[in-house]
Amino acid sequence: MDRVSAISAAVRAQRGRVEALFAELARCGRTEPGFTRPSYSPEETAAHAVLARCAADLGLAIGRDAAANTAMTLPGRDRTLPPILIGSHLDTVAQGGNFDGAAGVVAGLAAVAAIRRLGLEPERDITVLGIRAEESVWFQVSYIGSRAALGALPDGALDAARIDTGLSLAAHIAREGGDPDALARGPAALDAAAIHAFLEVHIEQAPSLEEAGIPVGLCTGIPGNVRYPDVRIAGRYDHVGTPRRFRRDAAMAGAEIALALDRVWAEREAAGCPMAVTFGRFHTDAAAHGLTTVPGEFRFSLDMRAYAAEVLAELEAAFLAAVAEVSARRAVTVTLGPRAEAGVGAVAPRIRDGFAAAADALGIATRPLGSPASHDAAAFAKAGVPMAMLFVRNANGSHNPREAMAIDDLLDAVAILTTWLVAETCTA
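Residues numbered from 1 in each chain as written. Predicted model: local features only at pLDDT ≥ 70, side-chain atom pairs only at ≥ 80, totals over all residues. Heavy atoms only, no water.

A short note on the overall build of the protein
Link 1 in the chain: On a plain count of helices and strands, the protein comes out with 13 helices and 16 strands.
Link 2 in the chain: C-alpha atoms of the protein, sized along the principal axes, occupy 80 × 45 × 40 Å.
Link 3 in the chain: Counting over 428 residues, the protein shows a buried share of 55%.
Link 4 in the chain: Here the contacts in the protein between residues at least 6 apart in sequence split such that 80% fall between residues at least 24 apart.
Link 5 in the chain: Counting every atom, the protein has about 17100 Å² of accessible surface; 53% of that belongs to carbon and sulfur.
Link 6 in the chain: Computing the positive centroid from 40 side-chain charges and the negative centroid from 50, the protein places the two 3 Å apart. (Helix = DSSP H or I, 4+ residues; strand = E, 2+ residues; numbered from the N terminus. Buried < 20%, exposed > 50% of the residue type's maximum accessible area, 1.4 Å probe, protein only. Contact = heavy atoms within 4.5 Å. Areas by Shrake-Rupley, 256 points an atom, 1.4 Å probe, with all protein chains shown as cover. Lys, Arg positive; Asp, Glu negative; His and termini not counted. Charge placed at Lys NZ, Arg CZ, Asp CG, Glu CD.)

Below, the structure is given as structure tokens:
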């Protein structure tokens, strides 16, 4: 049997392990519908324990850093060489699915198990990372686990409150076995300059691969984002009969700002420039609004993302210009509140091309695919680590209970990943 066929067979032999892992993960944070494993919760910790038990069965070395990320390492022949990291997250949004994030950690363990089954020893460490707190909905901070490991948490992040409990990130980290004081002091658990590569497998988050009938996508880039999680518009409450010229309508001001940005998006998309604009929260004050009252307060959240830093800067400038123009014309006050950002994630061409060559050798159909969403891989790319991602076909998007990843498709991605790992580091 040639090496590619042997790798394919070794990966397919992991089906039972993969299915068992997802079944165990499904018991961590089961809700109706879907799954809820908040960042730094007992449910997220339970999911980390599931993967750590699997790693122990494989004979991997298990470690945890101050952010309570889980590292599961297959030692290499020369442990002084920069390691290869494979990872993703195990938290979910509220009532999400069981594959978003978790599939990437399971894929890493399946690839390592296949290498062990082949009797190969890598020349350098291969570490599978279970990363904490990727879903920024919980603390309104991006890539908490990965940025914490890299020593790149933004100022004030440890004081951020979780939206459901009101407790700080530092308090939640401590509750789940981490050490927030050590994070604040440093040094970082990971030295970006001493990492050979970071690889991530993830379900696709729009049904592009499903539409094309292709099981695996080769990531071409991860968008950066700028976020304003709590914008407040203060106008004036008035009687519903108040003539237009006297009104300071906060809701109409919010609508105009949103439509101004939507026009910019439509124009840029028509010109072939991909981006996304999302007003996730968009509401008046439920305690004061009413059928016969002109809204005097309006709130919204804004997420803007693009694949180039200059495009993201232009998008933010358009938003700020709309805020200035609308607030002046409608005599309202706009308070932007906190601002957060995450850098664009550039894929390493050498690794992407290696994935493509591996897929060709295995006879697995792929296509280039830009990520519509943010991923931990972007934090590693921003830190200067060579990064690449594989996407797995998923008909129903993510962040919902209906995520629809087939195990065969995931094993295709694992086969590509394993073939690259063997070519990269198992030379003997």
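That shown, we press on.
Re the pattern of salt bridges
Link 1 in the chain: A complete count under the given rule lists 24 salt bridges for this structure.
Link 2 in the chain: Put simply, Arg12 and Asp412 hold a salt bridge, and the shortest N to O gap is 2.4 Å. Of this pair, Arg12 sits in helix H1 (residues 3-12) while Asp412 sits in helix H13 (residues 407-425); the two residues are 400 residues apart in sequence, bridging distant segments of the chain.
Link 3 in the chain: Judged by relative accessible area, which is 13%, Asp412 ranks as buried.
Link 4 in the chain: Across the pair Arg79 and Asp125 runs a salt bridge whose closest N-O atoms are separated by 2.9 Å. Of the two residues, Arg79 sits in the loop between strand E2 (70-74) and strand E3 (84-89) while Asp125 sits in the loop between helix H4 (102-117) and strand E4 (126-131), which places them 46 residues apart along the sequence.
Link 5 in the chain: According to the relative accessible area criterion, Asp125 is buried, its value standing at 9%.
Link 6 in the chain: Overlapping salt bridges, with partners in common, bring together Asp230, Arg232, Arg281, Glu297 and Arg299 in one network. (Salt bridge = Lys/Arg side-chain N within 4 Å of Asp/Glu carboxyl O.)

Quick look at the packing of aromatic side chains
Link 1 in the chain: Per the counting criterion, the structure on display carries nine aromatic pairs.
Link 2 in the chain: Judged by centre distance (5.2 Å) and plane angle (50°), the rings of Tyr228 and Phe319 are tilted. One end of the pair, Tyr228, is in strand E7 (residues 224-234); the other, Phe319, is in helix H10 (residues 309-330), and 91 residues separate them in sequence.
Link 3 in the chain: You can call Phe319 buried: its relative accessible area is 0%.
Link 4 in the chain: Members of the aromatic cluster, each reached through a chain of ring pairs, are Tyr228, Phe279, Phe282, Phe298, Phe300 and Phe319. (Phe/Tyr/Trp six-rings, centres within 6.5 Å; stacked < 30°, edge-to-face > 60°.)

So, the sheet that holds strand E16 (residues 387-392)
Link 1 in the chain: Spatial ordering of the open sheet is given by E1-E2-E4-E3-E5-E16-E6-E15, a layout of eight strands whose pairing is mixed. A single partner strand is all that each edge strand has here, and the edge strands are strand E1 (61-64) and strand E15 (366-369). Along the sheet, successive strands turn relative to each other by an average axial angle of 25°, direction set aside.
Link 2 in the chain: Summarising the sheet, E2 and E4 pair through five bridges and their orientation is antiparallel. Its bridge partner being in E4, Thr70 is matched across the sheet by Gly130.
Link 3 in the chain: Across the face of the sheet, helix H11 (residues 349-362) comes into contact with strand E5 (197-203), strand E6 (216-219), E15 and E16 while running at roughly 40° to E16. (Pairing = 2+ DSSP bridges. Axes fitted to C-alpha atoms, helices over the stretch in contact; angles between N-to-C directions.)

A few points about H1
Link 1 in the chain: Every buried residue of H1 is accounted for by Ala6, Ile7, Ala10 and Val11. One side of H1 holds all its buried residues, which, seen down the axis, span an arc of 135°.
Link 2 in the chain: Buried-residue contacts for H1 involve helix H2 (15-25), H4 and H13.
Link 3 in the chain: For H1, the N-terminal capping position is held by Asp2, with its side-chain oxygen 3.0 Å away from the main-chain nitrogen of Val4. (Arc of directions from axis to C-beta. Polar contact = N/O pair within 3.5 Å; in protein donor to acceptor, adjacent residues only side chain to side chain.)

Brief notes about helix H3 (residues 42-57)
Link 1 in the chain: Between the first and last C-alpha of H3 there are 23 Å, a value that for 16 residues agrees with the 22 Å anticipated at 1.5 Å per step.
Link 2 in the chain: Taken as a whole, H3 has its buried residues at Glu44, Ala47, His48, Val50, Leu51, Ala52, Cys54 and Ala55.
Link 3 in the chain: Next to the buried residues of H3 lie H2, E1, E2, H4 and E4.
Link 4 in the chain: Gly59 sits one or two positions beyond H3 and adopts a positive phi of about 80°. (Expected span 1.5 Å × (residues − 1).)

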